[in-house]
Amino acid sequence: MSEVGGNRKRQAEPHVLETRHAFLDTQVYRKLRHNPANRALKLLAEQIAARRLVLHTTDITLNEVSRQIAEDVEQSRLAVSKLRKDIDRWRHTVPGIATLPELDAGTAATLFKAFRRASKDEWRAREHRATEHPAASVFADYFARLPPFDMPGSKEFPDAFVLKTLEAWCAARGEIMYVVTLDAAVLRYVAASEWLLPLETIEELLAAAEASAECDDGDAEAVADALLNTPEFDCRFEQALEPLVDKLALIYCGDLPEGEANGATFGGTIHFLDYQIVSRTSRRIGLLVNADVELDVDVSFENRRYAGYDREDDIWIGGELDSATVRSDITLELYMEMEVATGEIVDAEPIRNEYTVG
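Residues numbered from 1 in each chain as written. Predicted model: local features only at pLDDT ≥ 70, side-chain atom pairs only at ≥ 80, totals over all residues. Heavy atoms only, no water.

Visitor: Can you explain the overall build of the protein chain? Please cite residues and give values.
Guide: Looking only at helices and strands, the protein chain features 10 helices and 15 strands. Projected onto the principal axes, the alpha-carbon positions of the protein chain cover approximately 85 × 65 × 45 Å. Burial status across the protein chain gives 42% buried among its 358 residues. Of the contacts made within the protein chain by residues no fewer than 6 positions apart, 70% connect residues no fewer than 24 positions apart. Averaging the locations of the 40 positively and 64 negatively charged side chains of the protein chain gives two centres separated by 11 Å. (Helix = DSSP H or I, 4+ residues; strand = E, 2+ residues; numbered from the N terminus. Buried < 20%, exposed > 50% of the residue type's maximum accessible area, 1.4 Å probe, protein only. Contact = heavy atoms within 4.5 Å. Lys, Arg positive; Asp, Glu negative; His and termini not counted. Charge placed at Lys NZ, Arg CZ, Asp CG, Glu CD.)

In structure tokens, the structure reads:
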């Protein structure tokens, strides 16, 4: 990125993503009328589904969106009320003229519910609790007149808590994040941040994601192959798999009667791994991975060693609850992100959670 005054500034021309992570300021949502059907937000959902982008939001951001929607509905309600007088008068002459809809607080609540559902389901936004961020660092910036409090009379406390929360998340993970906004105070804060990168419009973010998808990075496959074939990879991959196994929903379909999977551990063996490159930033590469792995599955079942079978009622009598560990192979489907420079696995998450074992 080009630099002005020692700080990173956005580029006018489309560029490949420096990070998959992005936060949209409330000003962006308001410009798009908080409408999940807006073309830009639909394109954002496509980039997220392709795992080229990860959207972040906060509780403060969502509360602000809710307030903005309520304000917009109230403005429309007042406008409709003025029009209704004319419509009612016209209906005395032409009864077939349609009536105007009633707008109230319920309308605003329904619209925000649709926005929140899109944020969770279509954009898969990671929500951060900015209201719980420690206040000391925010007030330290306020009294020192640092961005976003650097202008006379500035009291940008909601923005400050949001930005501090995003920075803390990035710092804890060695990650960077785009902040998309036209708010001057927020941009000044982001320009001085080690962890945040400024973009002024969602169109720039989408263009960067598209550029990343279309760029002819001829060495991407070579980079991925090199990382996956390092001596350290197997150990790193095993460490990444261990916490994922706890998130799997396992369905037992083996021979143990009334068997039910109650959990599993990684068996330590990876038979095969193939991948598809889905994202590439200046620092990281993202892969969709299919890995044939062994699991040691804890199964509870009905031990019928000393039980009798009642043919008439088709039931076993005298069975006892027992447990066993069953080794089972599955093809684990996951997204994995790696640092190009070090080969560290910085993110791993299942593409699907439900698997059949037996």
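Let's pick the thread back up.
Visitor: Now, about the sheet that holds strand S14 (residues 345-350): what can you tell me, with residues and values included?
Guide: Within the open sheet, the four strands sit side by side as S9-S10-S13-S14. Their pairing is antiparallel. Every other strand in the sheet has two partners, leaving strand S9 (260-280) and S14 as the edge strands with one partner each. Taking each pair of neighbouring strands and ignoring which way they run, the sheet shows an average axis angle of 25°. The strands that helix H9 (residues 220-228) touches are S9, strand S10 (284-303) and strand S13 (320-339); relative to S9, the one it contacts most, it runs at about 150°. (Pairing = 2+ DSSP bridges. Axes fitted to C-alpha atoms, helices over the stretch in contact; angles between N-to-C directions.)

Visitor: How would you sum up the pairing of strand S3 (residues 21-24)? Please name residues and give values.
Guide: Because side chains alternate across S3, one face comprises the buried residues His21 and Phe23, and the other comprises Ala22 and Leu24, equally buried. Looking at chain direction, S3 and strand S4 (residues 54-58) are connected through three bridges and run parallel. For Ala22, the partnering residue across the bridge sits in S4 and is Leu55. Both S3 and strand S6 (residues 177-180) contribute to a ladder of three bridges, which runs parallel. In the sheet register, Phe23 faces S6, and the bridge partner there is Val179.

Visitor: Please provide a residue-by-residue account of H9, values included.
Guide: Residues of H9 that are buried include every one of Ala220, Val223, Ala224, Leu227 and Leu228, and no others. On an axial view of H9, the arc spanned by its buried residues comes to 125°, and they lie on one face. On the buried face of H9, the contacting elements are helix H10 (233-245), S9, S10 and S13. (Arc of directions from axis to C-beta.)

Visitor: With reference to specific residues and values, describe the packing of helix H5 (residues 135-144) against helix H6 (residues 157-173).
Guide: Look at H5 against H6: their axes get within 10 Å of each other, and the N-to-C directions meet at 125°. Taken together, H5 and H6 sit at an angle that is classed as oblique. Crossing of H5 against H6: the hand is right-handed. Counted together, Ala135, Ser137, Val138, Phe139, Asp141 and Tyr142 of H5 and Phe157, Ala160, Phe161 and Lys164 of H6 form the full contact between these two elements. In terms of residue class, the contact of H5 with H6 is built from seven nonpolar, one polar and two charged. (Parallel < 35°, antiparallel > 145°, perpendicular 65-115°, else oblique. Left-handed = near helix turned anticlockwise from the far one by under 90°. Nonpolar A, V, L, I, M, F, W, Y, C, P; charged D, E, K, R; others polar.)

Visitor: If you had to explain the sheet that holds strand S5 (residues 126-128) to someone new, which residues and values would you point to?
Guide: Across the sheet, which stays open at both edges, the five strands sit in the order S5-S4-S3-S6-S7 with parallel pairing between neighbours. The sheet is open, and its two borders are formed by S5 and strand S7 (196-199), each paired with just one other strand. The sheet shows a mean angle of 30° between the axes of neighbouring strands, direction not considered. Here S4 pairs with S5 via three bridges, running parallel. Within S5, the residue paired with Thr57 across the bridge is Glu127.

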